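Okay, here's what each chain looks like letter by letter:
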Amino acid sequence: MRIVNTAEMRALEKAWSESAQRPLIDLMEQAGKAVWDTIEKIYAPHTGAHWVVFAGSGNNGGDGYVAARYAATAGIYVTVIHIGDPQKMTADTRTNYERFCAAGGQVTFAAGGQLPEISEVHGIVDALIGIGLTAPLRSHLLETVAAINATAKKRDCPVVAIDVPTGVNADTGNIMGDAVKASLTITIGAAKQGLCMCPARTYVGNLQVAGLAMTKADFVGSTVLITEKNITWPRRTPLSHKGTQGHVAIFAGCVGMEGAALLCAKAALRAGAGKVTLFMPKNAARNIIGHIPEVMVKPVGNTDFFALKDTEIDVSGYDAIAIGCGIGRAKETTDWGVAMTEKISCPFVCDADGLYALAQHPGHRLPARCVITPHLGEAARLLHVTNREIANDRPGYVKALHAATGAVAVLKGASTLLFEGTRLAVNTTGNAGLATAGTGDTLTGIIAALLAQGLAPADAAATGIWWHGAAADRLAGQYGYGFLATEVADALPYIYKEQVME
Ligand SMILES: NC(=O)C1=CN([C@@H]2O[C@H](COP(=O)(O)OP(=O)(O)OC[C@H]3O[C@@H](n4cnc5c(N)ncnc54)[C@H](O)[C@@H]3O)[C@@H](O)[C@H]2O)[C@@H](O)CC1
Ligand SMILES: Nc1ncnc2c1ncn2[C@@H]1O[C@H](COP(=O)(O)OP(=O)(O)O)[C@@H](O)[C@H]1O
Ligand SMILES: [K+]
């Protein structure tokens, strides 16, 4: 599936119009026709069925008028309810409004709050707003959206959104006040990236792309989904031994947060690392020796924390390193953490308190072989913005994380995002069961293990995110929510077996 952001979509439309020397209204014609053709194919509405099209004054409304005209021609009883000021119709929308009226179509104008009663309806088309939404829905639109959702529920009829369900931000996937709950979204030309992200995904329903003349067969959008079809897996051969599967060093834990280190280590082993060595401050190490017999534990220094003198530890013999889970936020520890990022010469992943350390040293650059895995709060701290600013534009901020640090950037959360410098990648696995302590530590261990087994940093990040989410989906299928981070680690081999060995 081709996936684009809205700027890219508008550029595509403009480039097509210029090169084909045709007006954009020709695309609107194609879009509206494709919408009605898809509705016919999926719902096969009978002659005389009543469909209601809600149209706005922007070009999304124009698509709606074109679809309504094709519906009427096909013998459907179609009515258009135009919401908002008809004086503000774009030129192309007005032309299609006039064409619909000339073909005998009925249009009711309504302000939003006072909608006509819809007593019998077989389907609703949402052509209120598409990619033109930039701010939270104004009140009259909020009322219309609520009325559409309530009517669809009451009448048990499908709602087909044109391009984007009204209220969904097509770039970020955020809900701008409220949104139409579509059964089917027919997106025009190429899928808009926001449609593939949470929370929008629950409003989109079945997603269909209506291909237009402007999207050439070889066109690839700047956004990609991370699915089982495009990730890379580490392999074993019958001759593999622990020395060929990579040695991970983990710098994690402090007194009181030993568990973070254990989860990271366990996940690294479950993700196939040949060997795992855990470096931990002495007083913390004492508490966990033997907890995971497969892990080699190296107590460090003489304190409860990592400290600057620990930069002397020899890290040259490892294939990948994980740094930061549960190391705490003592000043000496943060100085040590930042200094270590300069000393490490192999690929590494930096998470949790390691990211806190980086945030104390603004401007510190990381090598391209480093993966950072902040959640929203850690990203906000790194970029010196608020959590809300990040939440409002996660795709923009994952790119900002890469730009600010130079590392492969992962922004965790529902629909984890990845940016390595060229394409935005959106993960498709995972569920709210992951909203439990320690699941981030397991992700760090997985990515470190994949780096140690030779995957390139961007591939290790993509496979790691997908695998972690797939393990959680398997657990959610078994238990619902309430599974533990340890169990996410333990579920990894089952997913590997399904994906690689069967
Ligand atoms: N450029 C073109 O000719 C084409 C456009 N297409 C369609 O046109 C859409 C984009 O059209 P536009 O750029 O006109 O934008 P939209 O029609 O998506 O949105 C603009 C309209 O929404 C209203 N609006 C925006 N934010 C609002 C808010 N917060 N509260 C209430 N009302 C709000 C505006 O007042 C305006 O009427 C696409 O999604 C697609 O459906 C397609 O037909 C392909 C061709
Ligand atoms: N609602 C959700 N849907 C999908 N994944 C989620 C959700 N909530 C959290 N996660 C995932 O769970 C993990 C939590 O990581 P993090 O917050 O660092 O936890 P911790 O610090 O306790 O290890 C991340 O991989 C994140 O993407
Ligand atoms: K719409």
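Model, not experiment: these values are computed from the prediction.

Colleague: Quick question: what am I supposed to make of the site of ligand 2 here?
Modeller: Ligand 2 sits among 15 residues. The nearest are Lys412, Gly413, Gly438, Gly440 and Asp441. Lys412 is positioned with one of its side-chain polar atoms (N or O) 2.6 Å from an oxygen atom of ligand 2. Interatomic distance of 3.2 Å between a side-chain N/O atom of Thr416 and an oxygen atom of ligand 2. When the free accessible area of ligand 2 is taken as 580 Å², the share hidden by the protein chains comes to 77%. Considering each element in turn, the shell around ligand 2 owes the most residues, three residues, to helix α14 (residues 439-452). Class assignment of the residues belonging to the shell around ligand 2 gives a composition of five nonpolar, eight polar and two charged.

Colleague: I keep staring at the UniProt feature "domain: YjeF C-terminal" (unreviewed entry) in the protein chain and nothing clicks. Help me out?
Modeller: Under the local residue numbering, the UniProt record ascribes the feature "domain: YjeF C-terminal" (unreviewed entry) to residues 225-499. Within residues 225-499, the helical portion is 43% and the strand portion 15%, while the C-alpha atoms at the span's ends are 17 Å from each other.

Colleague: Explanation requested: the side chain of Thr185 in the structure shown.
Modeller: The residue Thr185 is located in strand β7 (residues 184-188) in this model. At 2.7 Å, the side chain of Thr185 forms a polar contact with the backbone oxygen of Val204.

Colleague: What am I meant to see in the site of ligand 1 here?
Modeller: As a structural note, the neighbourhood of ligand 1 is formed by 22 residues, with Asn59, Asn60, Asp63, Gly130 and Asp163 the closest of them. Contact distances for ligand 1 include 2.3 Å between an oxygen atom and a side-chain N or O atom of Asp63. Pro136 is positioned such that a nitrogen or oxygen atom in its backbone is 2.9 Å from a nitrogen atom of ligand 1. For ligand 1, whose accessible area on its own is 870 Å², the fraction buried by protein is 86%. Elements with a minimum of two residues in the shell around ligand 1: α1 (6-20), α2 (25-43) and α3 (59-73). Taken together, the residues that form the shell around ligand 1 break down as 11 nonpolar, six polar and five charged.

Colleague: Help me understand the pairing of strand β17 (residues 408-411), please; the structure alone is not making it clear to me.
Modeller: Taken residue by residue, a regular strand's side chains alternate between the two faces of the sheet. Neither face of β17 is left uncovered, since the one carrying Val408 and Val410 and the one carrying Ala409 and Leu411 both have all their residues buried. Sheet analysis places strand β16 (residues 370-372) next to β17, joined by two bridges and oriented parallel. In the strand pairing of β17, Val371 is matched with Val408. Direction of pairing for β17 relative to strand β18 (residues 417-419): antiparallel, over a ladder of three bridges. Bridging from a neighbouring strand, Leu411 pairs with Leu417 of β18. Linking β17 back to β18 in an antiparallel pair, the connection comprises five residues, with Gly413 at a positive phi of about 135°.

Colleague: I keep staring at the domain arrangement of the protein chain and nothing clicks. Help me out?
Modeller: Domain boundaries assigned for the protein chain yield domain 1 (2-219) and domain 2 (244-501). The C-alpha-based centres of domain 1 and domain 2 are spaced at 42 Å. Opposite the eight residues of domain 1 that make contact, domain 2 presents 11 residues. A combined buried area of about 680 Å² lies between domain 1 and domain 2, and 50% of that area is made up of carbon and sulfur atoms. If you look at where domain 1 meets domain 2, you find zero salt bridges. The tally of links from domain 1 across to domain 2 stands at three residue pairs in polar contact (both at pLDDT 80 or more). In terms of residue class, the side of domain 1 that touches domain 2 is built from three nonpolar, three polar and two charged.

Colleague: Looking at this structure, how should I read the side chain of His247?
Modeller: Its location among the elements puts His247 in strand β11 (residues 247-251). On the accessibility criterion, His247 (13% relative accessible area) is buried. If sequence neighbours within four positions are ignored, His247 has contacts with Lys275, Val276, Thr277, Met296, Tyr318, Asp319, Ala320 and Ala452.

Colleague: It is not clear to me how the packing of α2 against α3 should be interpreted in this structure. Could you clarify?
Modeller: The geometry of a pair of packed helices is captured by two quantities: the angle between their axes and the separation between those axes. Contact geometry for α2 and α3: axes closest at 8 Å, N-to-C directions at 55°. By the angle between their axes, α2 is oblique relative to α3. In this structure, α2 meets α3 at a crossing whose hand is right-handed. Here Met28, Glu29, Ala31, Gly32, Lys33, Val35 and Trp36 of α2 lie close against α3, whose contacting residues are Asn59, Gly62, Asp63, Val66, Ala67, Arg69, Tyr70 and Ala71. Among the residues making up the contact of α2 with α3, the classes are represented as eight nonpolar, three polar and four charged.

Colleague: What is the right way to look at the state of the cysteines in this model?
Modeller: Enumeration over the complete set of coordinates arrives at zero disulfides. The closest cysteine sulfur to the non-disulfide-bonded Cys198 is located on Cys196, 11 Å from its own sulfur.

Colleague: Please clarify how the pattern of salt bridges should be interpreted in this entry.
Modeller: Close approach of charged atoms allows side chains of opposite charge to pair. Inspection of every chain in the model, using the stated rule, returns 14 salt bridges. Across the pair Arg99 and Glu29 runs a salt bridge whose closest N-O atoms are separated by 3.7 Å. Of the two residues, Arg99 is situated in helix α4 (residues 91-102) and Glu29 in helix α2; the sequence distance between them amounts to 70 residues. Take Arg99: its relative accessible area is 39%, and that puts it in the partly exposed class. For Asp37, the salt bridge goes to Lys33, with nearest N and O atoms at 2.9 Å. Pair noted here: Asp37 and Lys33 are both in helix α2, with a separation of four residues, about one helical turn. The class of Asp37 is partly exposed, set by a relative accessible area of 34%.

Colleague: Mind showing me how you'd approach the sheet that holds strand β5 (residues 123-127) here?
Modeller: Across a sheet, strands are paired by hydrogen bonds formed along the backbone, either parallel or antiparallel in direction. Across the sheet, which stays open at both edges, the seven strands sit in the order β4-β3-β2-β5-β6-β7-β9 with parallel pairing between neighbours. Two strands bound the open sheet, and with one partner strand each, they are β4 (106-110) and β9 (206-210). Direction aside, the axes of adjacent strands within the sheet are offset by 20° on average. As paired elements, strand β2 (residues 50-55) and β5 share five bridges and run parallel to each other. Within the sheet, the bridge partner assigned to Val53 lies in β5 and is Val125. Those strands touched by α3 are β2, β3 (77-83), β4, β5, β6 (159-162) and β7, and its axis lies near 165° from that of β3.

About the thresholds
- Residues numbered from 1 in each chain as written.
- Chains lettered and ligands numbered in written order.
- Predicted model: local features only at pLDDT ≥ 70, side-chain atom pairs only at ≥ 80, totals over all residues.
- Heavy atoms only, no water.
- Near = heavy atom within 4 Å.
- Polar contact = N/O pair within 3.5 Å; in protein donor to acceptor, adjacent residues only side chain to side chain.
- Areas by Shrake-Rupley, 256 points an atom, 1.4 Å probe, with all protein chains shown as cover.
- Helix = DSSP H or I, 4+ residues; strand = E, 2+ residues; numbered from the N terminus.
- Nonpolar A, V, L, I, M, F, W, Y, C, P; charged D, E, K, R; others polar.
- UniProt positions renumbered as here; feature names shortened; annotations may be inferred.
- Buried < 20%, exposed > 50% of the residue type's maximum accessible area, 1.4 Å probe, protein only.
- Pairing = 2+ DSSP bridges.
- Domains from an automatic or database assignment.
- Contact = heavy atoms within 4.5 Å.
- Buried area = accessible area lost by both parts, 1.4 Å probe.
- Salt bridge = Lys/Arg side-chain N within 4 Å of Asp/Glu carboxyl O.
- Axes fitted to C-alpha atoms, helices over the stretch in contact; angles between N-to-C directions.
- Parallel < 35°, antiparallel > 145°, perpendicular 65-115°, else oblique.
- Left-handed = near helix turned anticlockwise from the far one by under 90°.
- Disulfide = S-S within 2.5 Å.

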